[in-house]
Amino acid sequence: MIPSVLPTYNRAPLEFVKGEGAWLTAADGRRFLDLGSGIAVNALGHAHPALVEALTSQAQNLWHVSNLYQIPQQQALADKLVEHTFADTVFFTNSGTEACELAVKMARKYFYDKGQPERVEIITFDGSFHGRSSAGIAAAGSEKMVKGFGPLLPGFVHLTFGDLDGVTNAISEKTAAILIEPVQGEGGIRPVPDAELKALRQICDDNGLLLILDEVQCGVGRTGKLFAHEWAGITPDIMMVAKGIGGGFPLGAVLATEDAASGMTAGTHGSTYGGNPLGCAVGCAVMDHIADDAFLAEVNRKAGLLRQKLEGLVADHPEVFEEVRGAGLMLGLKCKAVNADVVKAGYDNELITVPAADNVIRLLPPLTLTDEDIAEAVSRLEKTAAQVEAA
Ligand SMILES: *Cc1c(COP(=O)(O)O)cnc(C)c1O
C-alpha cells in the first residue's frame, strides 16, 4: 500500500523536533550536530533569534496580500540584493526550481524581443542540478532525473563539465545562454575554476550570449563571498538564488541586469506566493547578517580552520576518504568507502552530513557554526571514519 506521503524520498529513520544553531534534537532526545543545514538552507543555523523575531513579528501583522499590491518587505529585500550584487532587478520565487523556470523564460524572451527568436538554446553541463520542474530536469538532463518524464522541454545542450572547447563548438545561431553552477552541489561539490568562469563570461560576451549562474546552493555567503562568482571577479547577466536566502523559509529569487530582464514586462511572469511579506521579512534579516564584511570574514576564517582539520582527517583515514574539495563552508569529502555508508555511520555518531553524486559526502554547516562546533564535527567525523573502517 502506498504511504500517505508520496514515497519519492528514501528517508532516514530520524525525526527532529527542535533546532538551535548547528544542533538538532531528535524525538528520542539525541543531539545531532548538523553539517547539512537542510541542504544549505539554514545559513544562520536553526532558530536564529533575528530570524525568529523577523518571522513572528511579521506574522502578527500580515502574512500575505498578492503581487497585485505593493509589498514593502519585498521592496526592501530587492533593494538589498540590488545594492550588494551585480543585479538591477529581482523577481522572488518560492524555490530554486521556480527560479530556474524564470531564468530560462527570461533568456528566451530577451532574444525574442531583440528580434532573434531562433535563439532559444541554453548550454548546460553534466552533473548539474537545477531543480525538479520540467525546465529544471531538462536543463540538467541526467537520465536519473528525466527518465519517464518525457517529452522534455527542448532547447538544452548538455556538455561535459569543464569542457571549454565543447562550449565554443556548441555555440550556434540558436544559442541564447550558458547556465552553470559556480560550484556544483548535487553533482558532488565540484567548483568551476575561476579561470573557467572568466572564460565562460568572455565566450558569452564574444558571442552575445547571456551568462546564467545557478547560485541556489553556493550563494548567500556559503563560499565566503556573498555570491560565489565574486571569487572569479566576473558577474552574470541572470542569477538564480534560493536555499540560504530564506534561512529556512521557502524563498528564491532571480536577479538580473536591466538589459537581461528587459523582456519581462507586466504580465509576462508571476507568482501567487513569491515575494510574500513573511518570506521577504525573513530574507531581509538573512541579508542584514550575511551581506556584511565581518560576517563573511568569519565564514572564511572558520572555513580555513575546518578545511585544515578535514585534510588531516582524510590523511588519517585513506580507506574511507580520498580528498577534500569545495569552497568556503561548501565542502565535499570524496569517499573511498560508499558515501551512503559514511552518512549512515555519521547518524550513529549523531552527525548529519548529506550525500552527493560522485561518491561525495557534503558538509554544508550553518555559516554561524562556532569553533567548538568545528572541533566537535571533526571528532565525530573521526569516530564515523573509524566505524566505517571497522565494518
Ligand atoms: C536545490 C537546488 C535547486 C532547486 O531548488 P529547489 O528549491 O529544491 O527547487 C536548483 N539548483 C541548485 C544548484 C540547487 O542546489
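Residues numbered from 1 in each chain as written. Predicted model: local features only at pLDDT ≥ 70, side-chain atom pairs only at ≥ 80, totals over all residues. Heavy atoms only, no water.

## Some thoughts on the sheet that holds strand E15 (residues 351-352)
Phase 1 of the analysis: Taken in spatial order, the four strands of this open sheet run E1-E2-E3-E15, and their pairing is mixed. Each having just a single partner strand, strand E1 (16-20) and E15 make up the two edges of the open sheet.
Phase 2 of the analysis: Sheet analysis places E1 next to strand E2 (residues 23-26), joined by four bridges and oriented antiparallel. For Phe 16, the partnering residue across the bridge sits in E2 and is Ala 26. (Pairing = 2+ DSSP bridges. Helix = DSSP H or I, 4+ residues; strand = E, 2+ residues; numbered from the N terminus.)

## Here's the deal with the layout of surface pockets
Phase 1 of the analysis: Within this model, the second largest pocket holds a volume of roughly 700 Å³.
Phase 2 of the analysis: Around the second largest pocket, the lining is made up of 27 residues, and of these Gln 74, Thr 89, Val 90, Phe 91 and Phe 92 lie nearest the centre.
Phase 3 of the analysis: Elements represented by at least two residues in the lining of the second largest pocket include exactly helix H3 (72-84), strand E4 (89-93), helix H4 (96-113) and strand E12 (252-256).
Phase 4 of the analysis: With five residues, H3 is the largest single contributor of residues to the lining of the second largest pocket.
Phase 5 of the analysis: Of the residues in the lining of the second largest pocket, the class split is 14 nonpolar, 12 polar and one charged. (1 Å grid on protein atoms, 1.4 Å probe; cavity = no way out; pocket = protein on both sides within 12 Å on 5 of 7 lines; lining within 4 Å. Points joined across faces, edges and corners; volume = space filled by probe spheres on them. Nonpolar A, V, L, I, M, F, W, Y, C, P; charged D, E, K, R; others polar.)

## Quick look at the domain arrangement of the chain
Phase 1 of the analysis: Domain boundaries in the chain define domain 1 (24-47 + 293-378) and domain 2 (50-290).
Phase 2 of the analysis: Spacing between the C-alpha centres of domain 1 and domain 2 amounts to 25 Å.
Phase 3 of the analysis: Listed as interface residues are 29 residues of domain 1 and, on the opposing side, 29 residues of domain 2.
Phase 4 of the analysis: Here domain 1 packs against domain 2, burying approximately 2200 Å² in sum over the two surfaces, 65% of which is carbon and sulfur. (Domains from an automatic or database assignment. Contact = heavy atoms within 4.5 Å. Buried area = accessible area lost by both parts, 1.4 Å probe.)

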